[in-house]
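# Descriptive analysis of the structure
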Amino acid sequence: MTYSVQFGDLWPSIRVSLLSEQKYGALVNNFASGDHVSAELEQLKARDFVNEAVFHREPEPENNQTAAPSPVSWACSPNLRCFTFTRGDVSRFPPARLGSLGLMDYYLMDAASLLPVLALGLQPGDTVLDLCAAPGGKTLALLQTGCCRNLAANDLSTSRTSRLQRVLHSYVPQDVRDKNRVRVTSWDGRKWGELEGDTYDRVLVDVPCTTDRHSLHEEENNIFKRSRKKERQMLPMLQMQLLAAGILATKPGGHVVYSTCSLSHLQNEYVVQGAIELLDNQYSIKVQVEDLTHFRKLFMNAFSFFPSCQVGELVIPNLMANFGPVYFCKMCRMT
Ligand SMILES: C[S@@+](CC[C@H](N)C(=O)[O-])C[C@H]1O[C@@H](n2cnc3c(N)ncnc32)[C@H](O)[C@@H]1O
């Protein structure tokens with residue numbers, strides 16, 4: 001009922017897509033593979049949507065003379081390869097396999113979940129915080145960029161940080177996991193601003209949310225259960241506190257991406273706007289939302305975007321490209 005009001009004419013199509021089978025992407029493990037994994041995925045007729053968006057984009061009509069990709073494309077985090085089947089192709093990937101180096105060859109995830117990591121725009125030598133990291137799909141993607149001088153991956157839940165550790169063991173070589181380069185913790189992310197303020201170049205805040213697609217298909221421990229009503233109502237507050245802590249942990253001049261896998265404006269743009277206001281009022285910290293219009297244009301062939309977000313971008317499920325929902329908003333901490 002809420003979403004039919006929020007999305008109007010778009011809702012029936014979003015709803016039927018949510019009820020239909022989700023599409024996956026195969027994030028290639030750069031630590032494991034030579035080029036043969038990409039070649040094998042290409043043989044299945046899957047395409048690397050990142051490479052196609054960033055390097056093989058059709059020139060825009062007004063830009064016909066300029067052959068080089070627009071400078072905005074350089075803002076994407078580098079070295080990520082993620083294969084998807086093309087629009088309308090509902091084939092599935094075979095399960096990931098162990099490669100010759102004892103590491104898995106790719107990681108299956110909702111391809112739209114890679115967009116927050118791409119938007120974070122990592123640069124070589126960055127100090128990175130992943131505040132709500134488990135089970136670890138995005139942590140793995142952050143490491144794949146090869147940009148993290150060090151990475152702090154945190155999640156409140158110890159059982160979920162164990163899953164994160166297992167993912168790291170299966171995909172990342174020991175020398176990258178060691179050397180103080182990857183630190184896994186189980187703290188309350190809301191305290192991070194007090195623990196390590198003004199520290200990180202890039203922070204990802206991928207908060208707990210109503211996980212709309214998952215909630216439709218999973219009865220067990222469903223967040224929409226009557227017994228979890230209070231917790232559900234408190235979600236936007238928790239999300240705002242986590243985002244505020246993530247921004248406090250960022251160096252002035254550093255960047256933050258906030259993300260959810262919910263369609264709810266209350267959990268998406270309202271949280272962003274609330275956190276920005278809170279930081280201004282309580283800490284006199286100025287935060288600027290970054291315009292992702294160009295970023296959205298890069299990925300418009302692969303995903304369906306909601307056309308009228310006030311801040312940030314929302315991938316909406318669509319039968320031809322059944323990814324998401326994923327909301328993400330990029331911010332710069334100015335002071
Ligand atoms: C959407 S999931 C993160 C998914 C993860 N980023 C990935 O890509 O695999 C949100 C996570 O937030 C964690 N969480 C909930 N409350 C938290 C808190 N106060 N501090 C840190 N993490 C929290 C949950 O345990 C959950 O694993």
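The model shown is predicted, which means the values in this text are computed figures rather than measured ones.

Let's shift gears to helix α3 (residues 36-43). Buried within α3 are the following residues: Val-37, Ser-38 and Leu-41. Mapping the buried residues of α3 onto a view down its axis gives an arc of 100 degrees, with all of them on the same face. Here the buried face of α3 lies against β1 (25-28), β2 (46-48), β3 (82-85) and β4 (106-109). Phi for Lys-45, located one or two positions after α3, is positive at around 75 degrees.

In contact at an axis separation of 9 Å, helix α11 (residues 229-249) and helix α12 (residues 269-283) are set at 55 degrees when each is read in the N-to-C sense. Overall, the two elements α11 and α12 adopt an arrangement that is oblique. Both α11 and α12 take part in a crossing whose hand is right-handed. Counting all contacts with α11, which are made through Pro-236, Gln-239, Met-240, Leu-243, Ala-244, Ile-247 and Leu-248, the residues of α12 involved are Val-271, Val-272, Gly-274, Ala-275, Leu-278, Leu-279 and Tyr-283. In terms of residue class, the contact of α11 with α12 is built from 12 nonpolar, two polar and no charged.

All right, on to the pairing of strand β12 (residues 326-333) then. With eight of eight residues buried, β12 is to be regarded as a mostly interior element. Burial of β12 is two-sided: the residues Val-326, Phe-328, Lys-330 and Cys-332 facing one way and the residues Tyr-327, Cys-329, Met-331 and Arg-333 facing the other way are all buried. Strand direction decides the pairing type here: strand β9 (residues 250-260) and β12, joined by six bridges, are antiparallel. Note on β12: the bridge partner recorded for Val-256 is Met-331. By the bridge criterion, three bridges tie strand β10 (residues 287-289) to β12 in an arrangement that is antiparallel. The residue bridging Val-287 from the neighbouring strand is Arg-333, located in β12. Across three bridges, the pairing between strand β11 (residues 313-315) and β12 is antiparallel. The residue bridging Val-315 from the neighbouring strand is Val-326, located in β12.

Thresholds applied
Residues numbered from 1 in each chain as written. Predicted model: local features only at pLDDT ≥ 70, side-chain atom pairs only at ≥ 80, totals over all residues. Heavy atoms only, no water. Buried < 20%, exposed > 50% of the residue type's maximum accessible area, 1.4 Å probe, protein only. Helix = DSSP H or I, 4+ residues; strand = E, 2+ residues; numbered from the N terminus. Arc of directions from axis to C-beta. Contact = heavy atoms within 4.5 Å. Axes fitted to C-alpha atoms, helices over the stretch in contact; angles between N-to-C directions. Parallel < 35°, antiparallel > 145°, perpendicular 65-115°, else oblique. Left-handed = near helix turned anticlockwise from the far one by under 90°. Nonpolar A, V, L, I, M, F, W, Y, C, P; charged D, E, K, R; others polar. Pairing = 2+ DSSP bridges.

So yeah, pure geometry; function would need other evidence.
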